[in-house]
Amino acid sequence: MKIGIDLGGSHIGVGLIDGTNIIAIKDKILTREDRVDIKSSIVNEITAMINGLCAENGVDVNNIELIGIASPGTTSNGVIVKAGNLGVKDFDLISSLKKNFNNQMILRNDAKCAAMAEKVYGAMKDYKDGVFLCLGTGIGGAVFMDGKLLEPKRYSGFELGHMVVNKGGRLCSCGKRGCFESYSSIKALKTKVTETLDMDSDISGEYLREVILKREIFEAHNEAVIEDLENFLEYLQVGICNLIDIFEPEIVVLGGSFSYYEKNPIFQMLLDKINAPKTTFNEGEKPKIVAAQFKNDAGIIGATLI
Ligand SMILES: [Zn+2]
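In this text, all values refer to a predicted model and were calculated from it rather than measured experimentally.

**Side note on the packing of aromatic side chains**
Taken as a whole, this structure holds five aromatic pairs when the rule is applied. Between Phe158 and Phe247 the ring centres are 5.9 Å apart and the planes differ by 40°, which places this aromatic pair in the tilted class. Here Phe158, found in the loop between β11 (148-149) and α4 (180-184), pairs with Phe247, found in helix α7 (residues 223-247); they are 89 residues apart in sequence, far enough to count as distant. Comparing Phe158 with Phe247, the two get one shared label, buried.

Right under this line is the structure:
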């Protein structure tokens, strides 16, 4: 039995994992109060969630084989070096958790963890060349070529969310302007839609889907929200088509909160934009574009894959 932790920019998920089975899971949304001392909040919440999960499921925490953590941003040797959307730098999370647990622990970039779960067990398992994009608070990414995860030497690399798609555009959490994730992350969509509707931006992804899909767009046909959505999808198409031109993937897997839009009209709207003429350099057949099989659980499952 292992513990997989998905530390997101806006939530923490902790799961008791047996292979690809999530035996039990706990979720916590990070609120504005939690952000006052974000490092302590993360350590305290993770500790309480692990202890709670083990107690509720009759598992001795000392018998947990591995505690794996999927973290946003750049990670190195158990340290979160820089995670803009979480607002931390040089955060030695493993050392802090070691004060509470004696188990083996690993910490890696969340998009790479999620991509590993999809490559080993999920949507990408029958493909050698694939691009994984995690659309959540930011945009993370990972690329497989000939079955291998591409890993640069110096930093984490594959900061696909920080390729500039609009020179001089919106300010990104990384300090640059016009980054892909400033336009096409779920957070960017949420910010725009809640601004347009004059709502509190502190809403869950689930509620955002409800707002967009049920009430405002497809029932009330709120044109301003439709424009926000069109903008989001157009930048998403540009980013994905850039990646198609660079890596020639057989498949592009879209994970994070966006995977929950799979059965909704938005997903088809995106496919139509990507499959339109003149969106990529090569005019042949476009790669398959699918939602992540494990949805938001991919990070938790992938965190436990060494
Ligand atoms: Zn950026």
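**Here we look at helix α3 (residues 110-120)**
The buried count for α3 comes to nine of eleven residues, which makes it a mostly enclosed element. Of the positions making up α3, those classed as buried are Asp110, Ala111, Lys112, Cys113, Ala114, Ala115, Ala117, Glu118 and Lys119. The backbone nitrogen of Ala111 has a side-chain oxygen 3.1 Å away, supplied by the residue at the start of α3, namely Asn109.

**Considerations on the coordination of the zinc ion**
Tetrahedral coordination by four donors puts the ideal angle at the metal at 109.5 degrees, and octahedral coordination by six puts it at 90 or 180 degrees. Coordination of the zinc ion by the protein is provided by His162 (ND1), Cys172 (SG), Cys174 (SG) and Cys179 (SG), with metal-donor distances spanning 2.0 to 2.3 Å. Taken together, the four donor atoms coordinating the zinc ion span angles of 106 to 119° at the metal, a pattern that classifies the geometry as tetrahedral. Every donor residue of the zinc ion comes from the same chain, spaced as H-x9-C-x1-C-x4-C. Judged by its relative accessible area of 26%, Cys174 is partly exposed.

**Observations concerning the side chain of Ser71**
Positionally, Ser71 belongs in strand β4 (residues 66-71). Assessed through its relative accessible area of 0%, Ser71 is described here as buried. Every residue in contact with Ser71, bar those within four places of it in the chain, is listed here: Leu7, Ile80, Leu107, Arg108, Asn109 and Asp110.

Rules of the game
Residues numbered from 1 in each chain as written. Predicted model: local features only at pLDDT ≥ 70, side-chain atom pairs only at ≥ 80, totals over all residues. Heavy atoms only, no water. Phe/Tyr/Trp six-rings, centres within 6.5 Å; stacked < 30°, edge-to-face > 60°. Helix = DSSP H or I, 4+ residues; strand = E, 2+ residues; numbered from the N terminus. Buried < 20%, exposed > 50% of the residue type's maximum accessible area, 1.4 Å probe, protein only. Polar contact = N/O pair within 3.5 Å; in protein donor to acceptor, adjacent residues only side chain to side chain. Donors = N, O, S within 2.8 Å, 3.2 Å for Na, K, Ca; no water. Tetrahedral: all angles 85-135°; square planar, octahedral: opposite > 155°, others 65-115°. Contact = heavy atoms within 4.5 Å.

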